[in-house]
Each structure stands twice: as structure tokens, then as C-alpha cells.
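Take a look at the letters that make up each chain.
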Amino acid sequence: MERYWKRNLYMLWLGLFFNHIAYTLSVPFFPIFLQEDLGIQRGLEVWSGVSISISFLISGLCAPFWGGLADTYGKKPMLIRSGIGLALAHFANYFVHDPYSFMIVRIFQGLMAGFSPASIALVGTNTPEKHVGYALGVISTSTAAGGILGPLAGGALSHWLGLRGVLHRIWSYHISFRFHCSDRC
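Residues numbered from 1 in each chain as written. Predicted model: local features only at pLDDT ≥ 70, side-chain atom pairs only at ≥ 80, totals over all residues. Heavy atoms only, no water.

K.L.:
What exactly am I supposed to notice about the environment of Tyr94 here?
P.N.:
Tracing the backbone shows Tyr94 in helix H4 (residues 75-94). Look at Tyr94 and you get partly exposed, because its relative accessible area is 28%. Spatially, the C-alpha atoms of Tyr94 and Leu167 are 5.6 Å apart, while their sequence positions differ by 73 residues. (Helix = DSSP H or I, 4+ residues; strand = E, 2+ residues; numbered from the N terminus. Buried < 20%, exposed > 50% of the residue type's maximum accessible area, 1.4 Å probe, protein only.)

Structure, rendered in C-alpha cells:
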């Protein structure tokens, strides 16, 4: 444990960073996506609010279940499960053509969530006790950095690639990192 904790910390930092970039790349333009690509003309505010919050609701309801599986089968398998599931959810967003299928994908995204808690739990349990405070502080900066850079990158990318182009890039970031991390974390 003493030997690998820093490597794990940095790999998980990158994973959380890209996870939050991926999420915040697309959320700012959900209303535009719903209106321009999915044809919502009335009640756009409600559709936007529900589409953003539904994945958080489902994630919160499923968290105890995923936590129990992490206790039984290990944190790393749950981390990989969540990462691949979130990548698939982002990939599915690219093919959405009506608001109802978009909601189904957002529900699926909530079901696959848990990457952040699994990362934090893995850092907390695989770091020597004298370094846990430092490691948890470092890992928390990844979510802030990803949350700051995601909307900036999403705005620029959507200008050049279009909204669906951004959705396509998000899943490719997710999946490439997950396979890279599965060997090293």
C-alpha cells in the first residue's frame, strides 16, 4: 500500500477530473439541446430541470446498493462499472432523438453513477493513515477543476463541433480513461 498510494491518487484524480469535465461539458447546453435537437417548444424549463435532476435522484437512490456491492466485491470493480456505464450513457446521448429517450438515458446515467464516491473510498482506504487527509484534499480538487473547465470546454467545443459532436467526445474520453485506469488503479 505504501508503494502505490500516490500513483492511485493521481490516476483517480485524473479519473474524477475527466468525469466532472464530461458531465459539465454537456449540462450547460441541455436546454439548447432539448429545444433545437429534440424539438421541445413548450415547457422547456421543466424539461431542462427534470433532465438535469433525474440522474441525481436515481443516483442517490441507488448509492446504498452500489456501496453494498463495493463492500462485497471491492471498490475497484464498482469504479470500473461506474466508469464504463457512464461512458455508455454519454454515448447513448449521441443517438437520442426525442425527449423521452433522453430521459431514459439520463435515468440510466443515474443508475450507473457512483464514480466519485468509489474513487474517494478507494483513496481513503488505500492511502497510509498518515497521508489520508492530504490525499482526500488532493482528490477533492479534481472535481472542482473538472467543474470549472467543463463548461468552458463545452462552450468552445459546441461552437466548433455542434452539440452532438460534444456528446460524442464525452463518451470517448470516458471509455479511454476507464480502460487506462483499470490496469493501474
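Picking up where we left off.
K.L.:
Is there a simple way to think about H4 in this case?
P.N.:
Counting along an α-helix, one turn takes 3.6 residues, and residues three or four places apart therefore face a common direction. Taking 1.5 Å as the rise per residue, H4 with 20 residues should run 28 Å; its terminal C-alpha atoms sit 29 Å apart, in good agreement. Along H4, the residues classified as buried are Met78, Leu79, Arg81, Ser82, Gly83, Gly85, Leu86, Ala87, Ala89, His90 and Asn93. (Expected span 1.5 Å × (residues − 1).)

K.L.:
What should I look at first to understand the packing of helix H1 (residues 5-26) against helix H6 (residues 115-126) in this one?
P.N.:
Any two packed helices are characterised by how steeply their axes cross, that is the angle between the axes, and by the distance between the axes. Contact pair H1 / H6: the axes reach a minimum separation of 10 Å and the direction vectors enclose 165°. With respect to their mutual orientation, H1 and H6 come out roughly antiparallel. When you trace H1 past H6, the crossing you get is left-handed. Residues Trp5, Leu9, Leu12, Gly15, Leu16, Asn19 and His20 of H1 form the contact with H6, whose own contacting residues are Phe115, Ser116, Ser119, Leu122, Val123 and Asn126. Grouping the constituent residues of the contact of H1 with H6 by class yields 7 nonpolar, 6 polar and no charged. (Axes fitted to C-alpha atoms, helices over the stretch in contact; angles between N-to-C directions. Parallel < 35°, antiparallel > 145°, perpendicular 65-115°, else oblique. Left-handed = near helix turned anticlockwise from the far one by under 90°. Contact = heavy atoms within 4.5 Å. Nonpolar A, V, L, I, M, F, W, Y, C, P; charged D, E, K, R; others polar.)

K.L.:
Any chance you could explain the packing of aromatic side chains here in plain terms?
P.N.:
To describe a pair of aromatic rings, one takes the distance between the centres and the angle between the planes. Evaluated as defined, the whole model comprises 10 aromatic pairs. Geometrically, the ring pair formed by Phe17 and Phe18 is edge-to-face, given 5.4 Å between the ring centres and 65° between the ring planes. An angle of 80° between the planes, with centres 5.6 Å apart, marks the rings of Tyr23 and Phe56 as edge-to-face. Of this pair, Tyr23 sits in helix H1 while Phe56 sits in helix H3 (residues 44-73); the two residues are 33 residues apart in sequence, bridging distant segments of the chain. Residue Tyr23 is classed as buried on the basis of its relative accessible area of 16%. Of the aromatic side chains, those joined through ring pairs into one cluster are Trp13, Phe17 and Phe18. Here the guanidinium or amino end of Arg81 rests over the ring plane of Trp66, the centre of that ring lying 3.5 Å away. (Phe/Tyr/Trp six-rings, centres within 6.5 Å; stacked < 30°, edge-to-face > 60°. Lys NZ or Arg CZ within 6 Å of the ring centre and 35° of its normal.)

K.L.:
When you look at empty space enclosed by the protein in this model, what are you seeing that I'm missing?
P.N.:
Unoccupied space between atoms shows up once a probe the size of one water molecule is rolled over them. If you walk through the whole model with that rule in mind, you get 2 cavities of 30 Å³ or more. In terms of lining, the second largest cavity is formed by Trp5, Asn8, Leu9, Leu12, Leu122, Val123, Asn126 and Thr127. Listed by contribution, the elements that provide at least two residues to the lining of the second largest cavity are H1 and H6. In terms of residue count, the dominant contributor to the lining of the second largest cavity is H1 (4 residues). When the residues that make up the lining of the second largest cavity are grouped by side-chain class, the tally is 5 nonpolar, 3 polar and no charged. (1 Å grid on protein atoms, 1.4 Å probe; cavity = no way out; pocket = protein on both sides within 12 Å on 5 of 7 lines; lining within 4 Å. Points joined across faces, edges and corners; volume = space filled by probe spheres on them.)

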